[in-house]
Amino acid sequence: EEISDEDNIFSTESVNIDNDNQILVVEGYDDIKVRMSKCCVPVPGDDIIGFVTINKGISIHRSDCLNVNIDNSKGERIVDVSWGIDSHSGSIVWLEIEAIDRPYLLRDATIAISDNGGNILVAKSVTNSKRIVSLLFQVELSDNIQLESIISDSNKIENVFEVKRIYPGMGV
């Protein structure tokens with residue numbers, strides 16, 4: 001489908017901000033409505049692509065997002081995007097830490113997150129009958145380097161066997 005004149009893809013509510021405070025750079029467009037996708041929730045530093053939607057402007061996805069099917073017949077709908085100069089704006093991600101339960105595990109996990117500058121917005125702990133605990137955290141971060149540090153430090157916690165970023169729609 002083509003974008004019609006009635007589709008309001010141009011807007012001042014764009015993620016593109018003035019040059020002094022630019023979060024995203026969309027190649028070939030100066031003032032177009034841009035939104036972060038909710039399926040893969042890209043954070044600054046992630047490898048990203050833009051997908052021209054029918055009536056919502058450009059949707060920003062992680063390049064490995066399964067919801068963006070690259071189809072050669074739709075090649076013109078994929079646009080190059082990159083993180084701008086000031087992309088450290090506070091992104092929200094979900095993390096899951098799986099471990100064998102033990103005293104102070106929750107404390108150690110929150111320390112691994114907060115010592116790396118992550119701001120915990122939501123925390124949830126569920127332990128099954130085999131004493132395997134799943135710690136879920138919604139964390140505000142500045143970029144993917146901070147995310148990688150949190151994951152690395154969390155993997156070093158005693159009894160932890162898996163740490164991963166999870167995405168909306170995956171049972172959160």
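Here the residue numbers are simple positions, counted from 1 along each chain's written sequence. Whole-chain, interface and lining totals are the exception, using all residues; otherwise, since this is a predicted model, local features are given only for residues with pLDDT of at least 70 and side-chain atom pairs are given and counted only at 80 or more. For the side-chain quantities, the full set of heavy atoms in the structure was used; hydrogens and water were omitted.

Draft legend 1. Here's a closer look at helix H1 (residues 105-114). Only protein chains enter the accessibility calculation, which uses a 1.4 Å probe; a residue whose area is less than 20% of its type maximum is buried, one above 50% is exposed, and one in between is partly exposed. Helix and strand assignments come from DSSP, with helices taken as H or I runs of at least 4 residues and strands as E runs of at least 2, each series counted from the N terminus. Among the residues making up H1, those that are buried are Leu105, Asp108, Ala109, Ala112 and Ile113. Viewed end-on, H1 has its buried residues packed into an arc of 135 degrees, placing them on one side of the element. To obtain the arc, one takes the directions from the helix axis to the C-beta atoms.

Draft legend 2. The sheet that holds strand E2 (residues 34-36), seen in detail. What makes two strands pair is DSSP finding at least two bridges between them. The mixed open sheet is built from four strands, whose spatial order is E2-E4-E3-E5. The sheet is open, and its two edges are formed by E2 and strand E5 (78-79), each paired on a single side. Bridge count between E2 and strand E4 (residues 58-62): three bridges; the pairing is parallel. Paired with Arg35 across the two strands is Ser59, which belongs to E4.

Draft legend 3. Region of the structure containing the nonpolar core. By nonpolar core is meant a set of buried Ala, Val, Leu, Ile, Met, Phe, Trp, Tyr and Cys residues that side-chain atoms within 4.5 Å join together. With 20 residues, the main nonpolar core has Ile97, Leu105, Leu135, Phe137, Val139 and Val160 as its most contacted residues. Every element with two or more residues in this core is listed here: strand E7 (91-100), H1, strand E9 (132-141), helix H2 (144-155) and strand E10 (160-166). Top contributing element to this core by residue count: E9, with five residues. Pairs of residues are marked as contacts when any of their non-hydrogen atoms sit within 4.5 Å. Discounting residues that sit within four places of it in the chain, Val139 has contacts with Ser91, Ile92, Val93, Leu95, Ile113, Gly118, Asn119 and Ile150. Counting residues in each nonpolar core, the second largest holds eleven residues, with Leu24, Ile32, Ile48 and Val52 among its members.

Draft legend 4. Spatial organisation of the pairing of strand E8 (residues 119-127). Where E8 meets E9, eight bridges bridge the pair, whose relative direction is antiparallel. If you follow Ile120 over to E9, its bridge partner there is Val139.

Draft legend 5. Here's a closer look at the sheet that holds E10. Here we have four strands laid out as an open sheet, ordered E8-E9-E7-E10, and antiparallel in their pairing. A strand with exactly one partner marks an edge of an open sheet, and here the two such strands are E8 and E10. Averaged over neighbouring strand pairs, the angle between their axes works out to 15 degrees when direction is ignored. Set on the sheet, H1 makes contact with E7, E8, E9 and E10; between it and E9 the angle comes to about 25 degrees. Axis geometry follows a simple rule: fit a line to the C-alpha atoms, using only the stretch in contact for helices, then measure angles between N-to-C directions, giving values from 0 to 180 degrees.

Draft legend 6. Spatial organisation of the confidence of the model for the protein. On average, residues of the protein score 78 in pLDDT, and 75% of them are at 70 or above. The quantity called pLDDT is the predictor's confidence in a given residue, expressed from 0 to 100. Mean pLDDT per element in the protein: strand E1 (residues 24-26) is the minimum at 74, and H1 is the maximum at 97. Here residues 1-21 scores under 50 on pLDDT; set against residues more than four positions off or in separate chains, the count is 38 contacts.

Draft legend 7. Summary view of a nonpolar patch on the surface. Together, Ile92, Leu121 and Val122 give the surface a local cluster of nonpolar side chains, amounting to about 210 Å² of exposed area. Among the structural elements, Val122 can be located in strand E8. For patches, a residue must show more than 30% relative accessible area and have no salt bridge; joins then use 9 Å for like charges and 5 Å for nonpolar side chains, namely Val, Leu, Ile, Met, Phe, Trp and Tyr. Values of accessible area rely on a 1.4 Å probe in the Shrake-Rupley scheme; residue burial ignores everything except the protein chains shown. We count a salt bridge whenever a side-chain nitrogen from Lys or Arg sits within 4 Å of a carboxyl oxygen from Asp or Glu.

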